[in-house]
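Here are the chains, one letter per residue:
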Amino acid sequence: VLIFTVATKQISLGRMEQTRLEGNWWSQIKNLWLPVLTPWIAVAWLSCFLLTHSDMVVSNLYQVQTLTELAYLNASLGKPDWRIDLASCSLSIAVVALIVTFIARNPSFQSASTASQSAWSWAGDRHWLRFAWAAPIVACVGPLVLLPLSNLILKTGFVPPQLNSPSDASFSFSQAVTALAEAPSLYSDEALWTLKLCGWSALIAVILSSIMLAIVERWAIMAWPVILLLMLIFALPGPSINQLAISTFNRSGSFWNLVYNDSLIPTIFCLQFRLLPIAFAMILPGWKAVQRRYESQWKLESFHKLGGPLPMFAHALKFPLGLAIIICVAIAAGELNCYLLVLPPGVTPLAMRIFELLHYAVRFRESALLLGIAMIGIVISFLFLRRVVLQ
């Protein structure tokens, strides 16, 4: 949905009106929409393929023998097979190469960060066209949200039947409310570890991506190497990232033992492979927008001096940077496969606890925990989406 939203902004309103006057709706789809959207559809498909291939949580729960799952099983047993790792990484690199090829060969990708008009604003006051545009998206996304939430609500208040009356299963609203109220205290340690791990990882990712963006702005020749590097590290399967962290930090010596077993450094290192590309992609549009807003001041020599317009530029970037940190925290909280094998003893974030619980019976207290996390995520998403729309 996000990729298609960006894609539709590449179609100018003038071209829409011209094709509408020259022919019917089918000619508009054939001559305008399909040529522009085809490369974006390909990139969307490849991106979904890449994200699915690099994940092993679902395949582990359902025992699906994917390359990533095999690499994880071998690594967890202490018997990593370099052939499986090589095959898994090669597939990811091949997909990245296809994505880069599509981006490099289609000019519509180059203007993605500067597009501002809404492609479906051509509908004007014809609300039925807006509804026809939005209905398929709602029909696809709605069940993905409503079904898990409904399932968690039912499980949170579900009262199982007794042995002497197996048909007396019921739903208890008071049990659901009590379980929701008790969940924070029952899983306070896991929540604290999650906040520490995700907070530091997101902050470091935003700082590093800002430095990389500054390098790209200073030396334009570095743009493609930086983008290619970010895509490659994002494409690495989770078990391969774990193996890289183990070979880097699991060494002999008291210092390395302290780093590997008694700190979050290896885990934060692994999370950068997922967060750096996302932080870079989040900050880039805001950077471009602020740069266009202060283009005249940016060309002045005084802009780069302390006390000049530079503080004003930094203040304007406050919202993109804050939004990037919040989104990186949310993604890090749900990420698990890239650091599953390098968690130090005694550290159990919420994602790890949920992953353990999913291998057993999920009771009403665990369902309340998941429901509470989902509700917090929905509220935060709504507030930030509203802020983005206002911006």
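If you're wondering where the values come from, they're calculated on a predicted model, not measured in any experiment.

Conventions we followed
Residues numbered from 1 in each chain as written. Predicted model: local features only at pLDDT ≥ 70, side-chain atom pairs only at ≥ 80, totals over all residues. Heavy atoms only, no water. Axes fitted to C-alpha atoms, helices over the stretch in contact; angles between N-to-C directions. Helix = DSSP H or I, 4+ residues; strand = E, 2+ residues; numbered from the N terminus. Parallel < 35°, antiparallel > 145°, perpendicular 65-115°, else oblique. Left-handed = near helix turned anticlockwise from the far one by under 90°. Contact = heavy atoms within 4.5 Å. Salt bridge = Lys/Arg side-chain N within 4 Å of Asp/Glu carboxyl O. Buried < 20%, exposed > 50% of the residue type's maximum accessible area, 1.4 Å probe, protein only. pLDDT = per-residue confidence, 0-100. Patch = residues over 30% accessible without salt bridge, like charges linked within 9 Å, V, L, I, M, F, W, Y side chains within 5 Å. Areas by Shrake-Rupley, 256 points an atom, 1.4 Å probe, with all protein chains shown as cover.

**A look at the packing of helix α14 (residues 265-293) against helix α17 (residues 318-334)**
Line of reasoning, step 1. It is the contact of α14 with α17, at a shortest axis distance of 9 Å, that shows an interaxial angle of 150 degrees. One way to sum up the angle between α14 and α17 is to call them roughly antiparallel. α17 is crossed by α14, and the crossing has right-handed handedness. On α17, the residues that touch Leu271, Leu275, Ile278, Ala279, Met282, Ile283 and Gly286 of α14 are Pro320, Leu321, Leu323, Ala324, Ile327, Cys328, Ile331 and Ala332.

**Focus: unusual backbone geometry**
Line of reasoning, step 1. Of note in the backbone geometry, Gln63 takes a positive phi value of approximately 55 degrees without being a glycine.
Line of reasoning, step 2. As for its placement among the helices and strands, Gln63 is situated in the loop between α4 (57-61) and α5 (67-76).

**Here we look at the pattern of salt bridges**
Line of reasoning, step 1. This structure, assessed with the given rule, holds 5 salt bridges.
Line of reasoning, step 2. For Arg353, the salt bridge is made with Glu190, and the minimal N-O distance between the two is 2.9 Å. Placement of Arg353 in helix α18 (residues 350-358) and of Glu190 in helix α10 (residues 188-218) is noted, with a sequence separation of 163 residues between them.
Line of reasoning, step 3. The class of Glu190 is buried, set by a relative accessible area of 8%.

**Section: the side chain of Asp85**
Line of reasoning, step 1. With respect to the helices and strands, the residue Asp85 is situated in helix α6 (residues 82-105).
Line of reasoning, step 2. Aside from chain neighbours lying at most four places away, what touches Asp85 is Ala71, Pro80, Ser240 and Gln243.

**Points about the confidence of the model for the chain**
Line of reasoning, step 1. Counting all residues, the mean pLDDT for the chain is 78, and 80% of those residues have values of 70 or more.
Line of reasoning, step 2. Looking at the elements of the chain, mean pLDDT is at its lowest for helix α7 (residues 107-110), recorded as 58, and at its highest for α10, recorded as 89.
Line of reasoning, step 3. Here residues 113-119 scores under 50 on pLDDT; set against residues more than four positions off or in separate chains, the count is 16 contacts.

**Topic: the side chain of Ser209**
Line of reasoning, step 1. Counting through the fold element by element, Ser209 comes out in helix α10.
Line of reasoning, step 2. Ser209 gets classed as buried once you look at its relative accessible area, which sits at 1%.
Line of reasoning, step 3. Discounting residues that sit within four places of it in the chain, Ser209 has contacts with Leu276, Ala279, Phe280 and Ile283.

**Describing a nonpolar patch on the surface**
Line of reasoning, step 1. Together, Trp200, Leu203, Ile207, Leu208, Ile211, Ile215, Trp219, Ile221 and Met222 give the surface a local cluster of nonpolar side chains, amounting to about 880 Å² of exposed area.
Line of reasoning, step 2. Mapped onto the elements, Ile221 comes out in the loop between α10 and α11 (223-235).

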